[in-house]
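Observations on the model geometry
Spelled out from the first residue to the last, the chains are:
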Amino acid sequence: QVQLVESGGGLVQAGGSLRLSCAASGSIFSINAMGWYRQAPGKQRELVAAITGGGSTNYADSVKGRFTISRDNAKNTVYLQMNSLKPEDTAVYYCAADIVVLTTGSTYEYDYWGQGTQVTVSS
């Protein structure tokens, strides 16, 4: 059993900052890529930022230069630092991770999702 628990969402004024955290727990053997997605009302879920196990990152064009993704492998945690927030960043933000789990002597790889955290940016 693996869980991803997000925190750090909230209401902020345009131009402000928020830091999201997502901690993975459970029968984790290793974690490959981790990322953040978001879904605004009436829109499809989209990738915001991702980071590989080796630390390589990629970002959606809309957040480049404003958002920074990082991870702490010792804590199985991924972060999203969001600066210069805009009203169009308002969405539910989801953490996702490609996790290898150890069970009954074998390893299996699955994609896991967090429950989502609301980010609202007021103008």
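Coordinates for the structure precede this section.
Residues numbered from 1 in each chain as written. Predicted model: local features only at pLDDT ≥ 70, side-chain atom pairs only at ≥ 80, totals over all residues. Heavy atoms only, no water.

**Describing the state of the cysteines**
Cysteine pairs can be linked by a disulfide, which is a covalent bond between their two sulfur atoms. A full pass over the atoms with the stated rule returns one disulfide. The disulfide partner of cysteine 22 is cysteine 95, and the gap between their sulfur atoms is 2.1 Å. Every disulfide takes its handedness from the sign of the S-S torsion; for cysteine 22 and cysteine 95 that torsion is -75 degrees, giving left-handed. Taken together, the residues span a long stretch of sequence, with cysteine 22 in strand E3 (residues 18–26) and cysteine 95 in strand E9 (residues 91–103) at a distance of 73 residues. (Disulfide = S-S within 2.5 Å. Helix = DSSP H or I, 4+ residues; strand = E, 2+ residues; numbered from the N terminus.)

**Brief notes about the pattern of salt bridges**
In the structure shown here, the tally under the stated rule is four salt bridges. Here aspartate 61 makes a salt bridge to lysine 64, at a shortest N to O gap of 3.1 Å. Connected through salt bridges with shared partners, the residues Arg38, Glu46, Arg66 and Asp89 form a single ionic network. (Salt bridge = Lys/Arg side-chain N within 4 Å of Asp/Glu carboxyl O.)

**Focus: the side chain of serine 21**
Along the chain, serine 21 falls in strand E3. Here serine 21 falls in the buried class, since its relative accessible area comes to 17%. Not counting the four nearest positions on each side in its chain, serine 21 is found in contact with Val5, Glu6, Ser7, Trp36, Val78 and Tyr79. (Buried < 20%, exposed > 50% of the residue type's maximum accessible area, 1.4 Å probe, protein only. Contact = heavy atoms within 4.5 Å.)

**Focus: the pairing of E9**
The element E9 is extensively covered by neighbouring structure, given that 10 of its 13 residues are classed as buried. Relative to E9, strand E4 (residues 28–39) runs antiparallel, the two sharing nine bridges. Note that in E9 the partner of serine 30 across the bridge is valine 100. Direction of pairing for E9 relative to strand E11 (residues 117–122): antiparallel, over a ladder of three bridges. Across the sheet, residue alanine 91 finds its bridge partner in E11, namely valine 119. Hairpin remark: E9 followed by strand E10 (residues 106–113), antiparallel, with two residues in the connecting loop; positive phi at threonine 104, about 45 degrees. (Pairing = 2+ DSSP bridges.)

**Section: the side chain of aspartate 89**
Among the secondary structure elements, aspartate 89 is positioned in the loop between strand E8 (77–82) and E9. The exposure class of aspartate 89 is buried, given its relative accessible area of 1%. A distance of 2.9 Å separates a polar atom in the side chain of aspartate 89 from a polar atom in the side chain of arginine 38. Of note is the side chain of aspartate 89, whose polar atom sits 2.7 Å from the side chain of arginine 66. (Polar contact = N/O pair within 3.5 Å; in protein donor to acceptor, adjacent residues only side chain to side chain.)

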